[in-house]
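Take a look at the letters that make up each chain.
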Amino acid sequence: MTIRDILTIPDPLLRERCVPVAAVDDAVRALMDDMLETMYDAPGIGLAASQIGVMKRVVVIDTSSRKTEDGEGAEIEPRDPLFLVNPEITWLSEDISVYQEGCLSIPEYFEDVERPAEIKVRFLDRNGKQDEMHCAGLLATVVQHEVDHLNGVLFIDHISKLKRDRVWKKFAKAKKRGEAV
Ligand code: NI
């Protein structure tokens, strides 16, 4: 397993649509393992393949995983990874919930985002078997956030244009100067 570099805005790949995976084979499983390792290392609770520059409809999620506050030390166990290939949201609740979201591709930036509180998602699992899952709470938010990534949509697209433009420009400027944000 390899920890890959995570793309950050304004990288144009983050604005592109990913293509469906034809079959969940060993190459796709190896990609998912790299994504999971990269996500745990960051640390984060969800990662879409486009965030490491692989334009395939593949997502990994683990809402149980979090490092300690200082980024050191033991992670919270047990790990409970979820692998979603070609995920499709088939139902959204009318109820809305609000979570403060962040994104590994927009480091250190957090904003409240409103989304449907519950969803159903259909996907292929790690073995290529079709599955459907009902999600609520944080998991519902994370799945929607990651499926957005596969369509070139970022969480900042769900906040005001003023705030979005501000954060986009900040990252673009820093990248031009060759600095990390
Ligand atoms: Ni993200």
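Use the structure listed above.
Residues numbered from 1 in each chain as written. Predicted model: local features only at pLDDT ≥ 70, side-chain atom pairs only at ≥ 80, totals over all residues. Heavy atoms only, no water.

A. The arrangement of the packing of aromatic side chains in detail. Applying the stated criterion across every chain, the model contains one aromatic pair. The ring of tryptophan 91 carries lysine 120 above its face, with NZ or CZ at 5.9 Å from the centroid. (Phe/Tyr/Trp six-rings, centres within 6.5 Å; stacked < 30°, edge-to-face > 60°. Lys NZ or Arg CZ within 6 Å of the ring centre and 35° of its normal.)

B. Spatial organisation of the coordination of the nickel ion. At the metal site, the nickel ion is ligated by Cys103 (SG), His145 (NE2) and His149 (NE2), and these contacts range over 2.1 to 2.3 Å. Each donor residue of the nickel ion lies on the same chain, and together they follow the pattern C-x41-H-x3-H. Of this pair, histidine 145 and histidine 149 both sit in helix H2 (residues 137–150), four residues apart, which is roughly one turn of the helix. Like histidine 145, the residue histidine 149 is buried in the burial classification. (Donors = N, O, S within 2.8 Å, 3.2 Å for Na, K, Ca; no water. Helix = DSSP H or I, 4+ residues; strand = E, 2+ residues; numbered from the N terminus. Buried < 20%, exposed > 50% of the residue type's maximum accessible area, 1.4 Å probe, protein only.)

C. Looking closely at the environment of aspartate 62. When you line up the elements, aspartate 62 lands in the loop between strand E2 (58–61) and strand E3 (82–92). When neighbours within four sequence positions are excluded, aspartate 62 is seen to be in contact with Met39, Tyr40, Ile45, Arg79, Asp80 and Pro81. Within polar-contact distance, the side chain of aspartate 62 engages the backbone nitrogen of aspartate 80 at 2.8 Å. (Contact = heavy atoms within 4.5 Å. Polar contact = N/O pair within 3.5 Å; in protein donor to acceptor, adjacent residues only side chain to side chain.)

D. Representation of the state of the cysteines. Inspection of the entire model under this criterion finds zero disulfides. We note that cysteine 135 lacks a disulfide partner, and the nearest cysteine sulfur, in cysteine 103, lies 18 Å from it. Residue classification places cysteine 135 among the buried positions, given a relative accessible area of 0%. (Disulfide = S-S within 2.5 Å.)

E. A look at the pattern of salt bridges. A full pass over the atoms with the stated rule returns ten salt bridges. In this structure, arginine 115 engages aspartate 148 in a salt bridge whose closest nitrogen and oxygen atoms are separated by 3.1 Å. Highlighted residues: arginine 115 in strand E5 (residues 106–116) and aspartate 148 in helix H2, separated in sequence by 33 residues. Each member of the pair, arginine 115 together with aspartate 148, is buried. A salt bridge links lysine 161 to aspartate 165, with the shortest nitrogen-to-oxygen separation between them at 2.7 Å. With lysine 161 and aspartate 165 both in helix H3 (residues 161–176) and four residues apart, the pair spans about one turn of that helix. (Salt bridge = Lys/Arg side-chain N within 4 Å of Asp/Glu carboxyl O.)

F. Examining the environment of leucine 14 more closely. For leucine 14, the location among the structural elements is in the segment before helix H1 (26–41). Residues leucine 14 and glutamate 118 lie 104 residues apart in sequence; the distance between their C-alpha atoms is 25 Å. Setting aside anything within four residues of it in sequence, one finds leucine 14 in contact with Leu7, Thr8, Ile9, Ser50, Gln51, Ser105, Gly152, Val153 and Leu154.

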